Amino acid sequence: MNLPDKCKEFFLEGITDAYLYPVSGSSMPLPFSLPQILVMNNCVLPDALLHITIDDEADVVADSLSVKSTMSVKGNGKVFSFEMSASVNDGKQIVRETQRKISIEDEDYYLVLKSQDGLLHLCYTLPGTFMLTTKTNFSQSDEQLSLSISMKSMSDFIPITIM
């Protein structure tokens, strides 16, 4: 099946962890404006602002974690839109505090995903496109918190190594 370039979507399977790193303090060997980056080695990242996992090995544990990349053709070439969603079980207060911090600082963040095989994939954020939102639902028996992260990039998921 041949899909038009304006509608192609890619789902990354087997994601176990998602990390948010501030752009300030990070060092990437290739600029964000370089389109279609296939791999990036020797990235330097500060401490993660937020770590979400589906395992019980972090402060924020999600019931589900999914990331989608959608490519569209714009005037400046191909642009990839990333959307991550997570249904948070434990660490709801940490997520709320992270959202407050992000809204106050008004910074951009990189989203790094870890797959089941241990590989890391970067969502290389274009300046001014990062957004983190939360949604809370209360019922008589429980509280549900869902987290959504979106951003745009000139490249699809980029396999990376960290120094």
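Going by the structure above, here's the rest.
Definitions and limits used
- Residues numbered from 1 in each chain as written.
- Predicted model: local features only at pLDDT ≥ 70, side-chain atom pairs only at ≥ 80, totals over all residues.
- Heavy atoms only, no water.
- Salt bridge = Lys/Arg side-chain N within 4 Å of Asp/Glu carboxyl O.
- Helix = DSSP H or I, 4+ residues; strand = E, 2+ residues; numbered from the N terminus.
- Buried < 20%, exposed > 50% of the residue type's maximum accessible area, 1.4 Å probe, protein only.
- Contact = heavy atoms within 4.5 Å.

Caption draft 1: Structural detail: the pattern of salt bridges. Per the stated rule, a full pass over the model turns up one salt bridge. Note that Glu143 and Arg96 form a salt bridge whose closest N and O atoms lie 2.1 Å from each other. With Glu143 in strand 10 (residues 143-153) and Arg96 in helix 1 (residues 92-105), this pair connects stretches of sequence that are 47 residues apart. For Glu143, a relative accessible area of 24% puts it in the partly exposed group. Of the residues examined, Arg96 reaches a relative accessible area of 18% and is grouped as buried.

Caption draft 2: Region of interest: the environment of Thr98. Note that Thr98 resides in helix 1. Excluding anything up to four places from it in sequence, Thr98 contacts Leu49 and Leu50.

Caption draft 3: Examining unusual backbone geometry more closely. Unlike most non-glycine residues, Gln36 shows phi in positive territory, near 60°. Topologically, Gln36 is positioned in the loop between strand 2 (15-22) and strand 3 (40-43). For Gln36, a relative accessible area of 38% puts it in the partly exposed group. Positive phi values are uncommon outside glycine, yet Asn42 reaches one of about 60°. Tracing the backbone through its elements, the reader meets Asn42 in strand 3. By relative accessible area, which is 48% here, Asn42 ends up partly exposed.

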